[in-house]
Amino acid sequence: MSNLKIAIQKKGRLSETSHKLLEECGIKFSNGADVLKTNAVNFPVEILFLRDDDIPQYVEQQVADIGILGENIVFEKNKDVEILEQLGFAQCRLSLAIPKEAVFTGMEYFSNRKIATSYPRLLTNYLKENNITAEIEEISGSVEIAPGIGLADAVCDIVSSGSTLMTNGLKEVITIMKSQAVIISNRNLDEGRQKILDKLLFRVRAVKNARENKYILLNAPLEALPQICKILPGMKSPTILPLEEKGWCSIHSVVKEDEFWERIDQLKNAGAQGILVIPIEKMVL
Ligand code: PRP
Ligand code: ZN
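What this report covers is the structure whose coordinates are included nearby. Note that this is a predicted model, so its numbers are computed, not measured.

Some remarks on the packing of aromatic side chains
Link 1 in the chain: All chains considered together, the criterion is met by 5 aromatic pairs.
Link 2 in the chain: Look at Phe29 and Phe49: their rings are 6.3 Å apart centre to centre, the planes differ by 45°, and that puts the pair in the tilted class. One end of the pair, Phe29, is in the loop between helix 1 (15-24) and strand 2 (37-39); the other, Phe49, is in strand 3 (residues 45-50), with 20 residues separating them in the sequence.
Link 3 in the chain: Judged by centre distance (4.7 Å) and plane angle (65°), the ring pair of Phe260 and Trp261 falls under edge-to-face.
Link 4 in the chain: You can call Trp261 exposed: its relative accessible area is 65%.
Link 5 in the chain: An aromatic cluster is present here, built from Phe104, Tyr109 and Phe110 joined pairwise through their rings.
Link 6 in the chain: A cation sits over an aromatic face here: Arg113 above Tyr109, 4.0 Å from the ring centre.

Quick notes on helix 6 (residues 191-212)
Link 1 in the chain: For helix 6, built from 22 residues, the straight-helix expectation of 32 Å at 1.5 Å per residue is met to within 8% by its first-to-last C-alpha distance of 31 Å.
Link 2 in the chain: For helix 6, every residue scored as buried is listed here: Gly192, Arg193, Ile196, Leu197, Leu200, Leu201, Val204, Ala206, Val207, Lys208, Asn209 and Ala210.

Overview of the site of ligand 1
Link 1 in the chain: Around ligand 1, a shell composed of Gln9, Arg13, Asp52, Glu144, Asp157, Ile158, Val159, Ser160, Ser161, Gly162, Ser163 and Thr164 is seen.
Link 2 in the chain: One nitrogen or oxygen atom from the side chain of Asp157 is found 2.8 Å from an oxygen atom belonging to ligand 1.
Link 3 in the chain: Contact distances for ligand 1 include 2.6 Å between an oxygen atom and a side-chain N or O atom of Ser161.
Link 4 in the chain: When ligand 1 is considered free in solution it has 520 Å² of accessible area, and contact with the protein chains removes 73% of it.
Link 5 in the chain: Listing elements by their share of the shell around ligand 1, those giving two or more residues are strand 9 (154-159) and helix 5 (163-167).
Link 6 in the chain: A total of 3 residues in the shell around ligand 1 trace back to one element, the largest contributor, which is strand 9.
Link 7 in the chain: Class assignment of the residues belonging to the shell around ligand 1 gives a composition of 2 nonpolar, 6 polar and 4 charged.
Link 8 in the chain: Inspection of the shell around ligand 1 shows a minimum of three residues originating in each of domain 1 (4-89 + 181-210) and domain 2 (92-179).

Comments concerning the sheet that holds strand 6 (residues 92-99)
Link 1 in the chain: The strand order across the open sheet built from 5 strands is 8-7-9-6-10, with neighbouring strands paired in mixed fashion. The open sheet has two free edges, formed respectively by strand 8 (135-138) and strand 10 (170-179), since each of these has just one partner strand. Each neighbouring strand pair of the sheet contributes to a mean axis angle of 25°, computed without reference to strand direction.
Link 2 in the chain: Across 5 bridges, strand 6 lies against strand 9 in antiparallel orientation. Across the sheet, residue Leu96 finds its bridge partner in strand 9, namely Cys156.
Link 3 in the chain: Against the sheet, helix 4 (residues 120-129) touches strand 6, strand 7 (114-117), strand 8, strand 9 and strand 10, its axis set at about 170° to strand 8.

Criteria and thresholds
- Residues numbered from 1 in each chain as written.
- Chains lettered and ligands numbered in written order.
- Predicted model: local features only at pLDDT ≥ 70, side-chain atom pairs only at ≥ 80, totals over all residues.
- Heavy atoms only, no water.
- Phe/Tyr/Trp six-rings, centres within 6.5 Å; stacked < 30°, edge-to-face > 60°.
- Helix = DSSP H or I, 4+ residues; strand = E, 2+ residues; numbered from the N terminus.
- Buried < 20%, exposed > 50% of the residue type's maximum accessible area, 1.4 Å probe, protein only.
- Lys NZ or Arg CZ within 6 Å of the ring centre and 35° of its normal.
- Expected span 1.5 Å × (residues − 1).
- Near = heavy atom within 4 Å.
- Polar contact = N/O pair within 3.5 Å; in protein donor to acceptor, adjacent residues only side chain to side chain.
- Areas by Shrake-Rupley, 256 points an atom, 1.4 Å probe, with all protein chains shown as cover.
- Nonpolar A, V, L, I, M, F, W, Y, C, P; charged D, E, K, R; others polar.
- Domains from an automatic or database assignment.
- Pairing = 2+ DSSP bridges.
- Axes fitted to C-alpha atoms, helices over the stretch in contact; angles between N-to-C directions.
- Contact = heavy atoms within 4.5 Å.

No statement about biological role is implied by the geometric values presented.
Below, the structure is given as structure tokens:
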């Protein structure tokens with residue numbers, strides 16, 4: 001049976017996190033500095049280390065069967081591939097930025113100006129939607145330097161922490177799209193590869209659920225139980241264990257990472273004590 005070929009970014013914002021995701025899915029492989037492809041030792045996949053910009057094309061042509069990369073590139077390249085899963089990491093946005101001392105007057109600011117970008121398709125669409133005529137200067141990297149060297153008046157590029165913009169004396173004025181890492185796939189996988197992919201996706205979802213949730217344990221007086229069960233619905237319902245001390249119990253459940261702080265406050269107000277929050281390794285629903 002043939003291996004499933006997975007393309008990930010060789011070097012850049014997504015390479016480490018993509019590597020980590022596969023590792024957390026139990027897939028072991030080595031990647032030396034100059035290695036461009038390698039077989040996993042314990043799962044029928046081959047990993048290809050590529051430039052992220054090339055991944056959509058390679059997946060369309062089935063040089064790779066699937067790829068892990070940012071939505072920003074998937075939408076820019078607009079190849080015939082399927083988006084299978086949003087992965088919840090490498091969050092960023094595609095934004096327009098101008099010199100920090102410039103006064104921003106709204107979209108009109110960009111009329112007849114020159115904008116440097118590696119995202120000509122997305123920028124062209126955005127300008128069209130807003131009825132703005134501007135000149136697009138397409139460059140493939142280090143876009144933020146363009147205004148500083150007189151190549152353009154503004155940039156349209158990926159912003160994550162914002163530090164690249166700041167070091168280049170630019171400020172973000174408009175967000176064109178939000179982006180995160182996704183898995184894309186070729187549309188015509190054979191049965192063998194589809195089976196491997198299904199197995200992989202099952203693991204990816206378990207890792208993703210685990211990252212998005214926390215295990216929570218707490219003590220509470222029995223009379224607070226109904227209130228606390230409402231705050232903590234759990235996967236099915238919370239686990240309740242009696243404590244040695246009469247009238248008290250221990251409650252175990254799962255909370256969403258992003259609702260976590262709010263829930264803690266509610267739980268304390270309801271009478272919970274000794275609250276422990278523990279990371280989850282894998283979570284299968
Ligand atoms: C983007 C962008 C900036 C950087 C911004 O590069 O081009 O260089 O990230 O990040 P910051 O806001 O945290 O400073 P990306 O890795 O997406 O692009 P590449 O593949 O073209 O290097
Ligand atoms: Zn890139």
